[in-house]
Amino acid sequence: MALVDDIEFYGSRVDAGEIDREVAVQLLVRDSGGGLTPRGAAQVIDTWQGVRVRLRGLMAEAETALDALRSDGEAA
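Residues numbered from 1 in each chain as written. Predicted model: local features only at pLDDT ≥ 70, side-chain atom pairs only at ≥ 80, totals over all residues. Heavy atoms only, no water.

Which residues make up the overall build of the protein, and what are the values?
What the protein contains, in helices and strands, is 4 helices and 0 strands. Seen in sequence order, the protein has helices and strands lined up from the N terminus as α-α-α-α. Over its C-alpha trace the protein gives a radius of gyration of 16 Å, far above what one expects of a compact globule, namely 11 Å for 76 residues. Relative to its full complement of 76 residues, the protein shows a buried share of 24%. Pairs at least 24 apart in sequence give 45% of the contacts found in the protein among residues at least 6 apart. As displayed, the protein has an accessible area near 5300 Å², and 55% of this comes from carbon and sulfur atoms. Taking the average location of the 8 positive side-chain charges in the protein and that of its 14 negative ones, the two points are 3 Å from each other. (Helix = DSSP H or I, 4+ residues; strand = E, 2+ residues; numbered from the N terminus. Rg over C-alpha atoms; globule rule 2.2 N^0.38 Å. Buried < 20%, exposed > 50% of the residue type's maximum accessible area, 1.4 Å probe, protein only. Contact = heavy atoms within 4.5 Å. Areas by Shrake-Rupley, 256 points an atom, 1.4 Å probe, with all protein chains shown as cover. Lys, Arg positive; Asp, Glu negative; His and termini not counted. Charge placed at Lys NZ, Arg CZ, Asp CG, Glu CD.)

Quick look at the structure:
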C-alpha cells in the first residue's frame, strides 16, 4: 500500500513539526498520481493515524460486496 505509506510518512512529519502541513498536502497530491485532491490529501494527513486499518476495512467490505454480486450472478 504505497499510498498509505506516503500518508503515514507525511502525516507523522507534520505532527512532528518537521514539515509544513500545506507543503505536505502538495507533496501527497503529487505523490498520489492524481488519486488525491488537495482537500482529500489534507484530510488524510490530518487523520493519518489509523488510515491503514480504515483502508483495509474498506477493501474487505469491497471484496465482500463483489463476492455477493458474483453469487447473485451465478444464481440467476
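Describe helix 3 (residues 38-46), listing the residues and the values that go with them.
Where helix 3 is concerned, the buried positions are G40, A41, A42, V44 and I45. Buried residues along helix 3 sit in contact with helix 1 (2-15) and helix 2 (21-31).

Please give an account of the nonpolar core that cites residues and values.
In terms of nonpolar packing, the biggest core is built from 14 residues, with I7, L28 and I45 touching the most fellow members. Of all elements in the fold, only helix 1, helix 2 and helix 3 reach the threshold of two or more residues within this core. When near neighbours in sequence (up to four residues on either side) are disregarded, L28 contacts L3, D6, I7, Y10, L36, A41, V44 and I45. (Core = buried A, V, L, I, M, F, W, Y, C linked by side-chain atoms within 4.5 Å.)

Outline the side chain of S32, supporting the account with residue identities and numerical values.
Mapped onto the elements, S32 comes out in the loop between helix 2 and helix 3. Within the local environment of S32, its side chain forms a polar contact with the backbone nitrogen of L36, the two atoms lying 3.0 Å apart. (Polar contact = N/O pair within 3.5 Å; in protein donor to acceptor, adjacent residues only side chain to side chain.)

An account of the packing of aromatic side chains is requested, with residue identities and associated values reported.
Under the counting rule described, the total for this entry stands at 1 aromatic pair. Here the aromatic rings of F9 and Y10 are separated by 5.2 Å at their centres, their planes lie at 75°, and the arrangement is edge-to-face. Taking the relative accessible area as the measure of exposure, F9 reaches 41% and is therefore partly exposed. (Phe/Tyr/Trp six-rings, centres within 6.5 Å; stacked < 30°, edge-to-face > 60°.)

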